[in-house]
Amino acid sequence: MIGILGGTFDPVHYGHLRAALEVKTIFGLAEVRLIPSATPPHREQPAASALMRSQMLALAVNNQPGLLVDTRELDRPGASYMVDTLHSLRQDSPNQPLLLFIGTDAFNHLTGWHRWRHLLDYAHIVVMTRPGSTVQKSDGFFNARLAYEKQELAQTNAGKLFFQPVTPLDISATAIRHMIAEKQNPGFLLPDAVIEYIQQNRLYETR
Ligand code: ATP
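Caption draft 1: Structural context of the packing of aromatic side chains. Tallying each qualifying case throughout the model produces 7 aromatic pairs. Centre to centre, the rings of Phe 27 and Phe 101 are 5.7 Å apart; their planes meet at 55°, and the pair counts as tilted. Residue Phe 27 is located in the loop between helix H1 (14-26) and strand S2 (31-36), and its partner Phe 101 is located in strand S4 (residues 98-103); the two are separated by 74 residues in the primary sequence. The exposure class assigned to Phe 27 is buried, which follows from its relative accessible area of 7%. Using a relative accessible area of 1% as the deciding quantity, one classes Phe 101 as buried. Between the aromatic rings of Phe 27 and Phe 162, the centroid separation amounts to 6.1 Å while the plane-to-plane angle is 85°, which identifies the pairing as edge-to-face. Within this pair, whereas Phe 27 is found in the loop between H1 and S2, its partner Phe 162 is found in strand S6 (residues 161-165), the two being separated by 135 residues in sequence. Residues Phe 27 and Phe 162 agree in their burial class; the two are buried.

Caption draft 2: Looking closely at the nonpolar core. Grouped together as the largest cluster of nonpolar side chains are 35 residues, with contacts concentrated most on Val 12, Phe 27, Leu 34, Met 56, Phe 101 and Ile 198. Residue assignment for this core shows that the elements contributing at least two residues are H1, S2, helix H2 (50-61), S4, strand S5 (124-129), helix H8 (173-181) and helix H9 (192-200). Discounting chain neighbours no more than four positions away, the residues touching Phe 101 are Gly 3, Ile 4, Leu 5, Val 23, Phe 27, Leu 29, Val 126 and Met 128. Counting residues in each nonpolar core, the second largest holds 23 residues, with Ile 35, Leu 98, Tyr 122 and Phe 141 among its members.

Caption draft 3: Seen up close, H8. Listed as buried for H8 are Ala 173, Ile 176, Arg 177, Met 179, Ile 180 and Ala 181. Following H8 by one or two positions, Lys 183 has its phi on the positive side, about 60°.

Caption draft 4: Representation of the layout of surface pockets in the model. Here the second largest pocket defines a volume of roughly 160 Å³. As for the second largest pocket, its lining consists of Ile 180, Lys 183, Gln 184, Asn 185, Pro 186, Ile 195, Ile 198, Gln 199, Arg 202, Leu 203 and Glu 205. Looking at the lining of the second largest pocket, the element that brings in the most residues is H9, giving 3 residues. In the lining of the second largest pocket, the residues fall into 5 nonpolar, 3 polar and 3 charged.

Caption draft 5: Representation of the environment of His 109. As for its placement among the helices and strands, His 109 is situated in the loop between helix H4 (104-108) and helix H5 (119-122). Distance from His 109 to Ala 30, taken between C-alpha atoms, is 28 Å for residues 79 residues apart in sequence. From its side chain, His 109 meets the backbone oxygen of Asp 105 in a polar contact 3.0 Å long.

Caption draft 6: Expanded view of helix H3 (residues 82-92). Residues of H3 that are buried: Met 82, Val 83, Thr 85, Leu 86, Ser 88, Leu 89 and Arg 90. Residues of H3 that are buried sit in contact with strand S1 (2-7), S2, S4 and H5.

Caption draft 7: Examining the side chain of Asp 10 more closely. With respect to the helices and strands, Asp 10 occurs in the loop between S1 and H1. Every residue in contact with Asp 10, bar those within four places of it in the chain, is listed here: Pro 46, Ala 47, Ala 48, Arg 53, Ala 173, Arg 177 and Tyr 204.

Definitions and limits used
Residues take numbers from 1 onward in each chain, read along the sequence in its written order. Per-residue local features of the predicted model are confined to residues with pLDDT of at least 70, and side-chain atom pairs are confined, for both listing and counting, to 80 or more; whole-chain, interface and lining totals are unaffected and use all residues. With hydrogens and water stripped out, all remaining heavy atoms of the structure feed into the side-chain values. Any two rings among Phe, Tyr and Trp, with Trp reduced to its six-membered ring, count as a pair given centres within 6.5 Å; such a pair is stacked if its planes are under 30 degrees apart, edge-to-face if over 60, and tilted if neither. For the purposes of this entry, the term helix denotes a DSSP run of H or I that reaches at least four residues, the term strand denotes a run of E that reaches at least two, and both are numbered from the N terminus. For every residue, the accessible area obtained with a 1.4 Å probe (protein chains only) is divided by the maximum for its type, and the residue is called buried under 20%, exposed over 50%, and partly exposed between those limits. In these notes, a set of buried Ala, Val, Leu, Ile, Met, Phe, Trp, Tyr and Cys residues joined through side-chain atoms within 4.5 Å is what counts as a nonpolar core. Any two residues having at least one pair of non-hydrogen atoms within 4.5 Å are treated as being in contact. A pocket here means an open set of points on a 1 Å grid, computed over the protein atoms alone, that has protein on both sides within 12 Å along at least five of seven lines. A cavity is instead a set of points where a 1.4 Å probe fits but cannot get out; residues with an atom within 4 Å of a point line either one. Grid points are joined across faces, edges and corners, and a volume is the space filled by probe spheres set on the points. Polar here means any residue outside two lists: the nonpolar Ala, Val, Leu, Ile, Met, Phe, Trp, Tyr, Cys and Pro, and the charged Asp, Glu, Lys and Arg; Gly therefore counts as polar. Any pair of nitrogen or oxygen atoms within 3.5 Å is treated as a polar contact; in protein, a donor-acceptor pairing is required on top of that, and neighbouring residues in sequence qualify only through side-chain atoms on both sides.

Okay, structure coming up:
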């Protein structure tokens with residue numbers, strides 16, 4: 001089974017990294033692919049360039065076996081739609097379950113994603129419980145696909161929805177960007193190597 005965590009990662013932080021490591025262990029995954037979005041279609045555009053966000057990710061997962069940076073969305077022109085990314089990952093790995101991990105905040109907006117029903121054609125969706133956001137009323141489409149045991153995800157390659165609690169870390173990239181703009185120290189919210197990169201490139205200094 002392969003795990004996928006997409007995001008803007010503007011910048012990557014321990015909320016992302018700890019969750020990725022935990023679900024890798026919980027589901028016995030060979031790898032978790034962290035996929036930075038080039039042009040996110042569902043939100044305002046990132047402050048840092050796609051190249052810089054992927055370089056920060058690479059610094060963050062350096063020496064972490066099984067956590068990989070996948071830049072396929074940066075290599076594709078136009079908007080980064082997750083459904084296209086999953087289609088491409090499915091072509092690379094035709095015969096094993098794909099697990100798309102998203103936080104509860106992202107899940108609450110999922111029915112606004114491009115061709116959202118088709119996400120489940122290519123992958124299972126695992127919602128990682130995130131502090132500060134609870135699951136709002138879930139669409140009937142999802143309720144019909146709910147798995148109650150994580151073992152169910154290994155039995156088919158795609159098509160199920162599962163809720164997985166992870167250690168709650170109330171860290172967000174937005175809060176980190178605001179701290180840096182206010183000249184506060186974001187230490188211990190993200191890796192030191194990423195903080196050094198942000199300082200060297202003078203990222204997030206203005207709001
Ligand atoms: P921003 O504050 O800029 O919106 P973010 O911190 O939410 O950014 P994203 O890159 O948008 O980070 O998140 C990518 C994915 O990781 C999303 O599915 C999001 O729900 C999840 N995620 C982000 N932060 C956490 C966290 N602290 N705990 C669990 N999941 C998280």
